[in-house]
Structures are given as structure tokens and as C-alpha cells.
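# Analysis of the macromolecular model
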Amino acid sequence: MSTIDRTNLTRVSAAGLAAAIAAGDVTALEVTNEHLARIDEVDPAIHAFLHIDYDGARAQAAAVDAKLAAGQTLGPLAGVPVALKDVFTQVGIPTTAGSRVLEGWRPPYDSGVVDRLRAADCVILGKTNMDEFAMGSSTEHSGYGPTRNPWDLERIPGGSGGGSAAAVAAFEAPLGVGTDTGGSIRQPGAVTGTVGVKPTYGGVSRYGLIALASSLDQAGPVARTVMDAALLHAALGGHDARDSTSIAAPVPDVVAAARRGDVRGMKIGLVRQLMGEGYQAGVSQRFDEAVDILRELGADVVEVSCPNFEYALAAYYLILPSEASSNLARFDGMRFGLRVGDDGDANVEQVMSATRAAGFGDEVKRRIMLGTYALSSGYYDAYYGQAQKVRTLIANDFAAAFEQVDVLLSPTAPTTAFKFGEKLEDPVAMYLNDIATIPVNLAGNCAMSVPIGLAPEDGLPVGLQIMAPSMADDRLYNVGAAVENALVDKWGHHLIEEAPAL
Amino acid sequence: MTTTGTDLTYDDAIAAYDPLLGFEVHVELSTNSKMFCGCPTEFGAAPNTQVCPTCVGLPGSLPVVNQVAVESTIKIGLALNCEIASWCRFARKNYFYPDMPKDYQISQYDEPLCSNGYLDVDVVDDDGNHQVVRVEIERVHMEEDTGKLLHTGGDTGRIHGADYSLVDYNRAGVPLIEIVTKTVPGTGALAPEVGRAYVIALREVVKSLGVSDVRMEQGSLRCDANISLMPKGSPEWGTRTETKNVNSFRSVERALRSEIIRQANVLATGGTVVQETRHFQETTGDTTSGRIKSDAEDYRYFPEPDLIPIAPDADWIEELRAGLPEAPGLRIARLQQDWALSDFDMASVINAGALDLVIATIAQGADHAAARKWWLGELTRIANSDGVALEDLAINPAQVARVAELVETGSLNDKLARKVIEGVLAGEGEPDAVVESRGLAVVSDDGPLLAAIDEAVAANPDIVERITGGKPQAAGVIVGAVMKATRGQADAGRVRALLFEKLGVSE
Amino acid sequence: MSSQTSISPQQVAHLAHLARMNLTDDELIRYAGQLDHILHAVARVGEVAADDVPAMSHPQPMVNVWRADVVTPGLSAEDVLAGAPAAEDERFRVPRILDGE
């Protein structure tokens with residue numbers, strides 16, 4: 001595999017880098033240093049990273065090289081650099097969840113995801129930017145300033161995982177690990193021309209994942225190719241006894257599926273409620289073209305109706321704030337993180353209230369209060385209780401649909417990347433970015449966003465969302481690979497290669 | 001005693017009002033590890049050394065249920081005749097307090113693991129009349145304990161006037177089982193006794209299962225007593241208060257008695273009882289006002305998303321049911337029959353918290369009357385005056401059995417036996433060693449007795465004249481002198497016999 | 001119901017208190033407007049006929065996930081106190097809980 005361009009290591013896929021490292025064509029340390037240099041070069045403009053672990057990354061890379069030199073055979077991602085959304089705990093490394101309330105906090109324990117990355121001999125380059133506590137669709141709500149979309153520095157990279165998507169799209173890392181609660185991996189993937197996957201709920205450990213909404217959060221891969229995402233998904237997935245919601249079953253063979261990319265005879269459903277009106281013209285156009293490609297490749301395409309999806313956004317914006325209001329209560333200035341107002345005179349309530357007022361941004365405060373309201377005595381049944389019922393109905397809609405078809409499709413997001421500030425005035429306008437991605441989080445099944453082209457009107461990336469039943473994550477990779485292969489054939493390159501030079 | 005004007009007595013109060021009781025008892029399980037993580041639960045460790053990300057509530061941490069805690073809860077539920085849920089969830093109880101690592105407690109809300117049970121409690125009044133009160137159990141559910149606060153800077157280490165507090169999370173996450181009764185009506189004048197008897201009976205049940213030490217003084221059994229008064233003849237339920245800091249069986253009784261009097265006095269003067277939490281004060285026997293409950297926190301309960309529902313297998317439940325030990329009530333009935341005791345006498349044993357100690361002493365060879373006599377008599381007196389529980393005294397059943405044996409064989413009399421017990425409690429060693437070192441054996445050799453008698457006779461010629469002159473009862477003085485001379489180690493009966501023999505007088 | 005949902009600054013103040021967050025008067029007014037707007041959007045969950053529908057709290061149909069009652073290694077006091085805003089005598093130091101008397 002000495003066909004990689006050693007002068008341009010940052011343009012090589014994760015699979016390519018791993019093979020070159022394993023073959024001895026290049027060392028893990030060289031690969032890491034190239035990526036650190038790239039970060040130094042472009043991140044001042046992009047601001048994807050909140051913390052870059054130069055020493056730690058080089059030490060991890062050197063350790064991989066030592067193992068290889070000693071004749072050990074390592075896994076399929078050994079030596080590959082990864083950018084980690086700053087929502088995962090990593091010992092001794094600042095972990096902020098994009099919030100000032102955790103500024104400077106260095107966790108004393110590693111998350112399950114970090115354990116898996118170490119076991120795979122990946123190199124963790126640093127922590128990437130995100131909307132505060134993963135609440136947002138643009139990374140504008142980060143407590144540390146926004147991240148910029150590599151396709152257009154005046155535009156958002158999506159959210160909440162804008163940092164990891166931008167890092168991968170800007171070739172600062174071949175892989176990222178994000179979290180997806182309502183689309184926070186997929187939507188950034190769509191607007192940055194990268195691949196993002198939300199695995200089946202319970203497929204990847206949530207231990208050490210700073211919780212937003214416990215029944216919705218899921219960690220997943222961010223990459224530039226479907227195969228890279230599959231390799232990372234396989235490395236991350238699996239049971240973790242420390243996470244009670246973790247599934248005790250093997251990860252479906254996503255790598256084999258990514259290799260296959262064969263949709264002949266597959267039944268594909270287009271969700272009526274997730275297309276048409278409310279979707280930017282260029283987005284709909286590319287979506288239709290992608291669907292045509294799948295028809296040409298031999299899939300049967302039908303339209304399906306999931307009527308309760310109309311209520312998904314409403315249910316989500318009740319369930320999420322409710323769980324979040326409880327999950328974020330622990331940030332009270334008593335045991336870790338920021339403490340404000342402890343002058344020896346103020347009492348504990350005053351210090352807690354001052355700390356949380358100073359440490360949390362607007363969106364976080366809004367959602368905490370919304371959740372507090374929805375769970376309040378007298379309001380529970382009408383809001384939270386009712387939302388949980390709607391959730392069942394949405395899951396039922398998926399179940400019914402998957403009896404007819406193998407996968408469902410929709411555009412990932414209703415628009416391409418919007419400009420900074422465009423949706424900050426109206427919280428609900430921002431929430432609408434998640435309209436297509438939310439149903440999957442509610443039902444707990446899996447979905448992927450894969451790049452399918454640039455919208456003609458603005459030249460910005462568009463993503464296709466592929467949805468599959470719980471535990472059928474391999475279907476995502478099969479269909480994703482089929483689409484990707486067809487488009488690479490057509491264009492001669494992956495879409496990301498068209499991103500402007502930085 | 002606090003007075004509010006009319007000074008109704010307890011009897012006055014009971015004549016005018018019907019008490020309605022309720023109890024919330026927390027049992028700390030004796031599992032190896034905590035409820036939701038693998039940290040140890042041992043008492044007395046250095047602060048914050050039995051902690052992990054989960055029980056300190058660090059960001060990203062997650063709970064995992066302790067299976068033995070689930071099993072213990074089911075056992076308690078079965079022993080209390082409850083229905084076991086076929087499917088239930090944990091719930092979050094949300095509120096802010098510095099001893100709460102997550103600022104929510106994982107508990108159970110509308111889906112307790114066990115519900116709708118009962119415990120039949122034997123209550124005996126002062127006249128020996130007994131009645132069985134069926135205390136209905138509303139629910140038995142699982143939750144986690146909080147950390148411990150040390151209030152610093154104030155005078156007495158109490159929360160009032162403290163400058164700041166220090167928190168130790170070793171105890172945070174220890175499994176707690178909450179047992180809540182339904183309202184207990186119709187107890188009338190016996191309400192305080194019913195309360196005490198219920199807590200004792202509940203403790204017996206839980207103890208017999210081996211799932212907790214259930215020691216009130218150590219905090220592994222905590223009781224909150226709820227009470228409201230209903231004016232006789234009125235259908236309206238009164239306002240309920242909850243009393244905490246009730247740390248012994250006796251305190252349960254005293255707290256209820258005190259609250260009945262207090263509430264009656266409030267109502268009699270036309271006042272209203274405030275719904276609040278009150279604190280029992282050991283020294284005065286009164287309750288004082290705590291935080292007003294009307295400012296009730298909205299706990300915003302919702303199902304705990306980080307934990308998976310519990311659906312106990314029916315076969316497993318039956319297996320646990322088959323493995324339950326003999327119900328304490330039945331055991332007590334059997335023992336009472338074996339020992340041929342009256343209800344009153346049996347109740348005395350139980351009320352003193354002495355049942356297991358008595359049984360253990362009998363197992364060591366003592367006769368049951370002697371075992372009861374020592375534990376309920378001298379040892380209870382000492383325990384009360386020292387302010388400790390019977391089982392915390394520095395004497396064990398084997399030692400008590402040995403003392404009883406020594407008395408039975410005549411080596412000791414009662415007075416000497418009490419001295420031996422004193423010695424054992426003082427740490428001087430086993431009963432035989434104490435007898436030896438303190439020289440407490442009953443003098444069984446007539447020689448020294450005769451010598452002492454001669455001395456006393458010589459010193460009391462006028463008494464001797466009265467004895468020989470037809471007043472044998474005067475012998476008591478000589479016997480007393482001999483007892484004094486022998487430091488109580490003579491057998492008084494033997495002294496008297498020898499004296500009469502010497503004087504040639506018949507008794 | 002959805003058209004009548006309306007949240008006042010006083011209600012927001014109550015919510016902020018329940019959630020232990022100090023808000024200025026301006027913030028109370030601003031958030032009241034925004035929360036009101038959001039509530040109108042989410043209240044439509046009430047339009048769905050769902051009386052006989054069970055609520056879903058967990059997406060995957062699992063039961064009985066638990067662990068054996070064994071002790072496993074935790075954190076040292078040093079580790080757990082390292083991130084504490086204030087510590088004393090191996091304990092977390094927190095401001096006084098009640099106002100002085």
C-alpha cells in the first residue's frame with residue numbers, strides 16, 4: 001500500500017494511513033506530526049479544537065511504533081489520529097463539554113470511548129469544540145467561541161458536534177468521535193460534506209460521556225469515507241458493563257457491509273413527512289438524484305408514511321430538556337468545576353445559583369428551565385408524559401415502515417450551512433435544523449449521513465440520511481457505500497476534495 | 001415540656017382526639033458494595049476513600065444496579081406479605097443539597113418493587129392486655145443514601161450557626177430500602193406503644209433475613225414517625241407532622257406521645273397544626289420545628305433513563321419465598337410457649353430488645369428464666385444508665401450464661417453475681433477470672449463462717465439473749481454482721497443455720 | 001390548550017429557583033418570551049390522541065441489567081478531591097447551608 005502520498009498524509013483516509021503504518025511505509029509518529037502541523041496551520045481560522053494534546057499524541061504514536069517494531073500485529077486503525085468531541089472524559093486532559101462551568105476540569109477517569117480508542121491503538125490528537133453541553137445545531141452556543149465551516153468560514157459547521165466535523169473536513173484528523181442526541185453527528189456531517197453515523201442506541205458505551213439526554217445520547221464515528229466510519233464504528237461499538245443501557249450483543253459487521261455496497265433487491269422507503277416543503281430546493285434536488293442512483297443500482301424505492309413524525313420535534317424538545325435539566329443539576333460548584341460567589345458569607349444556595357448563572361450560556365439555561373417546567377407537578381402529564389407517548393408512536397411508525405422496507409431515506413438537514421447569527425434570534429428556528437434527524441434518536445434505531453453533492457444555489461454540501469432498524473447498523477454502511485461508490489465513480493473523487501483550500 | 005396555654009395531658013388528648021399514625025423506615029443494607037457502583041460500604045473508613053466517579057456524581061458517570069440489593073428488597077417485601085412488581089423502574093427525585101452528589105437521588109416513585117403488604121404487631125399495654133394491630137405496608141422500595149455533612153464553625157457542630165460544611169461521600173450510594181406504612185388508624189391511647197412495637201417487629205423481620213444490621217443507634221435502621229390527630233366524632237383528617245431524629249425504640253414511643261400532647265394542645269386552643277418536619281430531642285423528649293413542609297420541593301420525578309427496568313422472574317421470587325426464615329412472629333409464639341410465659345412477660349423481653357440475647361444465652365446453657373432475669377433486670381438497668389443498647393454492653397451471652405450457672409450451683413449469690421458482671425463489663429476478663437481476682441466466691445467452708453459467727457456473737461450479747469429468749473427473728477442482726485464481716489460472700493441461709501445450731505435454738 | 005399556554009416572568013423566576021440559577025430581571029423577561037414561544041411549539045404533543053399508548057422511557061426493550069455485589073476499585077481521595085473547588089481535611093468544603101442565627 002505504498003501508494004499513499006507521503007507528502008500529503010493529511011489527505012489520506014484512515015484506512016490508507018493504517019495500512020501504510022502497518023506496512024512500515026510511514027511511522028505513526030510521522031502521521032501524527034503531520035496532522036499536528038496541519039492543525040497549527042488551519043485551526044486558528046477554523047477553531048475546531050479546544051485542546052490539542054501535542055505531547056500525549058506523540059507519546060501514543062511512539063508507543064504504536066514501538067509495538068510494531070517489536071513485531072506485534074495491531075488492529076486495523078493502529079496509529080490513526082482521532083479528534084475527540086470535548087464531551088468525553090479523558091484522564092488529565094481538559095474536558096469542558098463546551099461549557100465555562102467545566103473550564104479547566106481534568107477528569108480523573110477515562111470514558112469507555114477513550115478505552116476503546118486506546119485498545120485500537122488510535123492516537124487522540126485533542127478535544128473538539130461543540131455547542132455547550134451538546135445543546136445546539138451550529139456550535140454557536142459553545143462557551144469558547146464558534147467553529148467555522150471549512151467550506152465557508154462565514155458559515156456554521158453544524159452542531160452540536162461542529163468541531164469534530166470541521167476537524168475532519170479540514171483534514172486536521174481523518175477520524176472524529178462525536179455524540180448524537182438529535183442529529184449532532186449527522187447534521188454537521190451533512191453541512192461539512194463528511195460522513196457521520198449515529199449507531200443504534202446502546203451500541204456504543206455512554207460511560208464517561210457527559211450526559212445531555214440519557215435516553216437519546218449516542219456516541220458515533222465522524223469520517224470522510226464510509227469505510228473509515230465503518231472501521232471506527234467497529235472499534236467503538238460493543239458492550240460496556242459500566243453502562244446499564246449498553247447492548248450485550250456484538251456489533252453488526254459494519255466493515256463487511258461497507259466493503260459490499262450492494263443494494264440490488266433492497267427495499268428503500270422515502271419518508272413522506274421528511275421531504276418536500278421546508279427543505280431547501282438544492283437539498284431536495286440532490287436528494288432526488290441520490291434516490292435515482294439507488295434505483296439505478298437495483299433498489300426498489302417506495303414512499304412510506306410515518307404520520308407521527310410531525311410531532312417528533314415537539315416531543316424531542318420536551319424529553320431532551322427534561323432529562324437535561326436533571327443531568328445538569330450536578331454542575332453546582334460543590335465538587336468540581338466553576339464556583340462563583342463563595343466569599344465566606346454567602347450560603348450554599350446563593351453560591352450554587354451564582355455559579356450556574358455565570359457558568360451556563362443562554363441556550364442551556366433555556367432548556368434547563370423548559371425541562372424543569374415540563375417535569376413540574378401539574379404539568380408532567382401534559383408535557384413530559386405526553387411526549388413519552390408520542391415517542392412510542394414514532395417508534396411504532398418506524399416498526400411499521402421497516403416491515404415494508406429495509407432502510408428509510410430523507411435529506412439529513414433541511415438546509416445547507418447557514419451563516420453565523422442567522423438563526424440565533426429564534427430558538428425554534430434553530431431547532432428546525434434537526435427536524436429530519438430527531439425521529440431516529442427518539443426511537444433508538446440507527447442512521448447515517450453521507451455526502452451526496454453540493455447545492456446548486458450556494459455550492460454547499462448536502463447530506464443524505466439513511467435510517468435502519470435497531471441493531472441493523474450494517475445496512476447503513478451497505479447503502480452508504482453504494483451511494484458513495486457511485487458518486488466517486490461519477491466525480492472521480494470524494495466530495496470533500498472540492499472543499500476550498502484553507 | 002412546651003405548653004401552649006391549656007396544658008392538656010396525654011390522657012386528655014387521647015380522650016378528645018384519635019391519632020392516625022404512619023411510619024417511614026429506612027433500612028441500610030449490609031451489602032458488600034454500594035447500590036449503583038462497586039465501592040465498599042464499610043463503616044469508619046477515612047473520608048472520601050470509598051468513592052468512584054458514579055457515587056461522587058462526576059460528569060459522565062453512570063449507575064449500575066447491585067443485584068443483591070434487589071434480592072434483599074424482594075425478601076423484605078415477601079416477609080412483609082407484599083406483592084412483588086412484575087415490572088418496575090427506578091425514578092429520579094430531583095433536589096439540590098450538598099450531600100447529594102448528583103443533585104438528584106435515584107429512588108423509586110410510582111413503581112415500587114414491593115407493595116400492599118402487612119405486618120401483624122403484638123402490642124401489650126400496662127395491664128397486660130394485648131392486641132394484634134395489623135400495620136398495612138404501602139410500599140417497599142430501593143434508593144441510595146447521601147454523603148455525610150460535618151458542620152464547621154458553629155458552637156456545637158450542628159447546622160445552625162455553622163460557617164461552612166465539609167462533605168464526605170463514603171456513605172453516598174449505600175443501598176437504602178424504604179418501608180412506608182399506610183395510615184394506621186384506631187390505635188387510640190396505645191398509639192405510642194404501637195409505634196414502638198411496630199419498629200421492633202419490623203426490625204425483627206429484617207434482621208431475620210440477614211440483609212441488614214438494623215441498628216437504630218448506628219443508623220442502619222432509621223425511623224420517621226408521622227402523626228395527625230382527628231377530633232373524635234369528626235370525619236376530617238388532621239394535619240400530619242413528620243418527626244425525624246428518632247434514634248431508639250423508646251424514642252419512637254416518646255416522640256409519638258409528645259406529638260400527641262403537643263398537637264392536642266395546639267388544636268384545643270383553636271390553632272392549626274402546621275404540616276412540617278419536626279426533630280425529636282432526646283434530652284427533653286419534645287419535638288422541635290424543622291423545615292416547614294408547605295414549602296415542599298417539587299421533586300419532578302421521572303423514570304431513571306440510565307437504569308433498565310427490573311422484571312423479577314416469577315421462579316426467582318418463589319425461590320426466595322421458599323428460602324425465607326421462620327417469620328419472627330411465629331418464632332416468638334413458639335418460644336413463648338416453650339418458656340411458658342405470659343404475653344406480658346414475652347412482650348417485656350421483646351420491648352427490651354433482648355430477645356436474641358436471651359436466646360443466645362439459653363443456647364450457652366442457661367435456663368430461660370435466669371437468662372431473662374439477668375438481661376431484663378441488671379443488664380437493662382446498666383444499659384439504660386449508660387445510654388447504650390443492650391447488645392453494645394461489654395458482656396456477651398456466653399458470659400451471662402456462666403454467671404447464671406455459678407449462681408445456680410451456689411458459687412455465687414445474687415449480690416456477688418452483680419459484682420462479677422460489673423467486673424466483666426469493666427474489662428477484667430471472663431466471669432471465673434473476675435471471681436478469682438476479686439475474691440468473690442461464696443464462702444462454702446463452714447470454718448470461716450463459724451469464726452465470724454463467734455465474733456459476732458461475742459460482740460452482741462444482748463441480741464443473743466433475745467434469740468435464745470424466744471425471738472429468733474433477732475438473728476438477722478447477727479447474720480447481717482457476719483455478712484458484713486465476710487464482705488457478702490457468705491451464704492446467708494447457711495450462716496443462720498449455723499448460728500441456730502450453735503445457740504441450740506430451732507428456727 | 002396550546003394556544004393558552006403562556007409563561008410569565010414570575011413563573012420563570014420560580015423555574016430558575018427550582019434550577020438554582022440567578023437571573024436578572026431583564027433575563028426573566030427575555031426568557032419568558034422565548035420559553036413562551038418554545039412552549040407553543042412543543043405543546044402540540046397534546047394534539048396526538050395517545051390515551052391508550054404506553055409511555056416510552058427506554059428505547060431498547062431490556063430488563064434486569066445488574067451487577068454482582070462485589071467491591072471494585074474506585075478513586076483515591078486525592079483524585080476525587082483534585083478537581084474540588086475547595087477542600088479541607090480530605091473533605092469537600094461547601095458554603096454554609098443555613099443562614100446564620
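Quantities reported herein were computed from a predicted structural model and do not represent experimental measurements. (Residues numbered from 1 in each chain as written. Chains lettered and ligands numbered in written order. Predicted model: local features only at pLDDT ≥ 70, side-chain atom pairs only at ≥ 80, totals over all residues.)

### A closer look at the overall build of chain C
Looking only at helices and strands, chain C has three helices and three strands in total. Moving toward the C terminus, one meets the helices and strands of chain C in the order α-α-β-α-β-β. Its C-alpha atoms give chain C a radius of gyration of 23 Å, clearly above 13 Å, the size a compact globule of 101 residues would have. The principal-axis extent of the C-alpha atoms belonging to chain C is close to 55 × 50 × 25 Å. Relative to its 101 residues, chain C shows a buried fraction of 34%. (Helix = DSSP H or I, 4+ residues; strand = E, 2+ residues; numbered from the N terminus. Rg over C-alpha atoms; globule rule 2.2 N^0.38 Å. Buried ≥ 20, exposed ≤ 12 C-beta atoms within 10 Å, placed from the backbone.)

### Considerations on the overall build of chain B
Looking only at helices and strands, one finds 16 helices and 15 strands in chain B. The proportion of buried residues among the 507 residues of chain B is 45%. Across chain B, the fraction of contacts at a sequence separation of at least 24, relative to all contacts at a separation of at least 6, is 69%. (Contact = placed C-beta atoms within 7 Å.)

### Thoughts on unusual backbone geometry
Look at the link from G159 of chain A to S160 of chain A: it is a cis peptide, with omega at 5°. Along the chain, S160 of chain A turns up in the loop between strand 3 (123-128) and helix 5 (162-169). Phi at F133 of chain A takes a positive value of approximately 50°, unusual for a residue other than glycine. Despite not being glycine, A340 of chain B has its phi angle at roughly 55°, a positive value. Looking at the element boundaries, A340 of chain B is found in the loop between helix 6 (328-339) and helix 7 (343-351).

### What to know about the sheet that holds strand 10 (residues 446-454) of chain A
Residues and elements named next belong to chain A. Pairing within the open sheet is mixed, and its 11 strands lie in the order 1-3-2-4-6-5-10-11-9-7-8. Two strands in the sheet have a free side with no partner beyond their single neighbour: strand 1 (49-52) and strand 8 (300-304). On average, each strand axis in the sheet is inclined to that of its neighbour by 25°, with strand direction left out of account. One ladder, built from three bridges, connects strand 5 (residues 195-198) with strand 10; its direction is antiparallel. Bridge pairing links K198 to A447 in strand 10. Where helix 3 (residues 54-69) meets the sheet, it contacts strand 1, strand 2 (81-85) and strand 3, and its direction lies at approximately 155° from that of strand 3. (Pairing = 2+ DSSP bridges. Axes fitted to C-alpha atoms, helices over the stretch in contact; angles between N-to-C directions.)

### Comments concerning the environment of R118 of chain A
Mapping R118 of chain A onto the fold places it in helix 4 (residues 112-119). A sequence separation of 135 residues divides R118 of chain A from D253 of chain A, and the C-alpha atoms of the two residues are 21 Å apart.

### Description of the packing of helix 8 (residues 355-363) of chain B against helix 10 (residues 397-408) of chain B
All names here are of chain B. Axis separation between helix 8 and helix 10 bottoms out at 8 Å; the angle between their running directions is 60°. In terms of orientation, helix 8 lies oblique with respect to helix 10. By crossing handedness, the relation of helix 8 to helix 10 is classed as right-handed. For the pair helix 8 and helix 10, contact is made by L357, A360 and T361 and by P397, V400 and A401, respectively. Classifying every residue of the contact of helix 8 with helix 10 by side-chain character gives five nonpolar, one polar and no charged. (Parallel < 35°, antiparallel > 145°, perpendicular 65-115°, else oblique. Left-handed = near helix turned anticlockwise from the far one by under 90°. Nonpolar A, V, L, I, M, F, W, Y, C, P; charged D, E, K, R; others polar.)

### A word on the interface of chain C and chain A
Counting residues at the interface gives 47 residues for chain C and 58 residues for chain A. Where the side of chain C that touches chain A is concerned, the elements lending two or more residues are helix 1 (9-18), helix 2 (25-42), helix 3 (77-82) and strand 3 (91-95) of chain C. Top contributing element to the side of chain C that touches chain A by residue count: helix 2 of chain C, with seven residues. When its residues are assigned to classes, the side of chain C that touches chain A shows 33 nonpolar, eight polar and six charged.

### Observations regarding helix 5 of chain A
All names here are of chain A. The buried fraction of helix 5 is high, at eight of eight residues. Listing the buried residues of helix 5 in full gives G162, G163, S164, A165, A166, A167, V168 and A169. At the C-terminal side of helix 5, F171 shows a positive phi close to 60°.

### Describing the confidence of the model for chain C
On average, residues of chain C carry a pLDDT of 91, and 92% of them reach 70 or more. Among the scores for the predicted complex, ipTM is 0.96 and pTM is 0.88. (pLDDT = per-residue confidence, 0-100.)

### Overview of the nonpolar core
Counting 325 residues, the largest nonpolar core has V82, A315, L318 and I466 of chain A as the members making the most contacts within it. When we break this core down by domain, the ones giving at least three residues each are domain 1 (10-316) and domain 2 (352-438) of chain B. Among the nonpolar cores identified, the runner-up in size contains 13 residues, and V464, A490, V495 and L499 of chain B belong to it. (Core = buried A, V, L, I, M, F, W, Y, C linked by C-beta atoms within 7 Å. Domains from an automatic or database assignment.)

### Description of the interface of chain B and chain A
Listed by partner, the interface residues are 25 residues for chain B and 34 residues for chain A. Counted by class, the side of chain B that touches chain A contains 16 nonpolar, three polar and six charged residues.

### Focus on the sheet that holds strand 15 (residues 302-303) of chain B
Residues and elements named next belong to chain B. Ordered in space as 5-4-15, the three strands form an open sheet in which the pairing is antiparallel. Both edges of this open sheet fall to strand 5 (104-107) and strand 15, since each of them pairs with a single strand only. Alignment of strand 4 (residues 91-94) against strand 15, held across two bridges, turns out to be antiparallel. Looking across to strand 15, one finds that R92 is bridged to F302.

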